[in-house]
Amino acid sequence: MWPLVLLGVAIVISGIYELFHRKRLADAADDFRSAILSTLSGLYPEPTNWPKSIDTYLCARLPVMQEIIDEFKPSVPQESLPAYNRDWDNYCQFCRAEVTDDKCATAELYPGKELDPKKKFHALVSNLLRYAS
């Protein structure tokens, strides 16, 4: 009879642990999403307040974004970590080298001919936020 009681206790404890683990992951995802949205307010999801010198603006926020990314990394499933790191690297590369005011102006003057940096920015941030779902 004791082995069944011990097995029952072990199942109950593992169930409680699973509930706490899921709650912790859900809280981490909510914190991640809200931190990114507040850091990039006015730029994402809709670019309502696109600043001048966007490259400088985004580069100034990279340390804060790095901290957010690093804090959320333990909550990302192991099999998704390479893609998560790749998406973060793509975002950093975009902020440092690919977005400029000139490219934004050119994309607005010639829609369809140039890749719109605002759309690419939206896609890169969306890629990062998909790990919080």
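Note: the structure precedes this text.
Residues numbered from 1 in each chain as written. Predicted model: local features only at pLDDT ≥ 70, side-chain atom pairs only at ≥ 80, totals over all residues. Heavy atoms only, no water.

A.B. asks: Go over a nonpolar patch on the surface, please, and point to the residues and values.
C.D. replies: There is a patch of nonpolar side chains on the surface, built from M1, W2, L4, V5, L7, V9, I11 and I13 and spanning about 920 Å² of accessible area. Relative to the helices and strands, L7 is located in helix α1 (residues 2-39). (Patch = residues over 30% accessible without salt bridge, like charges linked within 9 Å, V, L, I, M, F, W, Y side chains within 5 Å. Areas by Shrake-Rupley, 256 points an atom, 1.4 Å probe, with all protein chains shown as cover. Salt bridge = Lys/Arg side-chain N within 4 Å of Asp/Glu carboxyl O. Helix = DSSP H or I, 4+ residues; strand = E, 2+ residues; numbered from the N terminus.)

A.B. asks: Just give me the short version of the pattern of salt bridges, but keep the residues and values in it.
C.D. replies: In total, this model carries 5 salt bridges according to the counting rule given. Here K23 and D27 are joined by a salt bridge, their closest N and O atoms 3.1 Å apart. Taken together, the positions of K23 and D27, both in helix α1 and 4 residues apart, correspond to about one turn of that helix. Across the pair K120 and E98 runs a salt bridge, and its minimum N-O distance is 2.4 Å. With K120 in helix α5 (residues 117-129) and E98 in helix α3 (residues 81-98), this pair connects stretches of sequence that are 22 residues apart. A residue is classified by how much of its surface remains accessible, and E98, at 25% relative accessible area, is partly exposed. (Buried < 20%, exposed > 50% of the residue type's maximum accessible area, 1.4 Å probe, protein only.)

A.B. asks: Describe the packing of aromatic side chains, naming the residues involved and giving the relevant values.
C.D. replies: Counted under the stated rule, the structure contains 8 aromatic pairs. When the centroid spacing of 5.5 Å and the interplanar angle of 20° are considered together, the rings of W88 and Y91 count as stacked. Of the two residues, W88 and Y91 both sit in helix α3, 3 residues apart, roughly one turn of that helix. Owing to a relative accessible area of 6%, W88 belongs among the buried residues under this scheme. Feature note: the residues W50, W88, Y91, F94 and F121 constitute an aromatic cluster, connected by ring pairs. (Phe/Tyr/Trp six-rings, centres within 6.5 Å; stacked < 30°, edge-to-face > 60°.)

A.B. asks: Now, about the environment of P51: what can you tell me, with residues and values included?
C.D. replies: Along the chain, P51 turns up in the loop between α1 and α2 (54-72). A sequence separation of 18 residues divides P51 from R33, and the C-alpha atoms of the two residues are 22 Å apart. Those residues in contact with P51 that lie beyond four places of it in its chain are L43, Y57 and D101. (Contact = heavy atoms within 4.5 Å.)

A.B. asks: Explain a negative patch on the surface residue by residue, including any values.
C.D. replies: Side chains of D30, D31, E67, D70 and E71 sit close together on the surface and give a patch of like negative charge. Broken down by secondary-structure element, the contributors of at least two residues to the negative patch are α1 and α2. Top element by residues in the negative patch is α2. It accounts for 3 residues. With respect to the helices, strands and loops of the structure, D31 is situated in helix α1. In this structure D31 comes out as exposed when scored by relative accessible area, which is 52%. (Lys, Arg positive; Asp, Glu negative; His and termini not counted. Charge placed at Lys NZ, Arg CZ, Asp CG, Glu CD.)

A.B. asks: So what about the nonpolar core? Which residues, and what values?
C.D. replies: As a rule of thumb, nonpolar side chains are buried together in soluble globular proteins. With 31 residues, the main nonpolar core has F32, L40, L58, Y91 and F121 as its most contacted residues. Broken down by secondary-structure element, the contributors of at least two residues to this core are α1, α2, α3 and α5. (Core = buried A, V, L, I, M, F, W, Y, C linked by side-chain atoms within 4.5 Å.)

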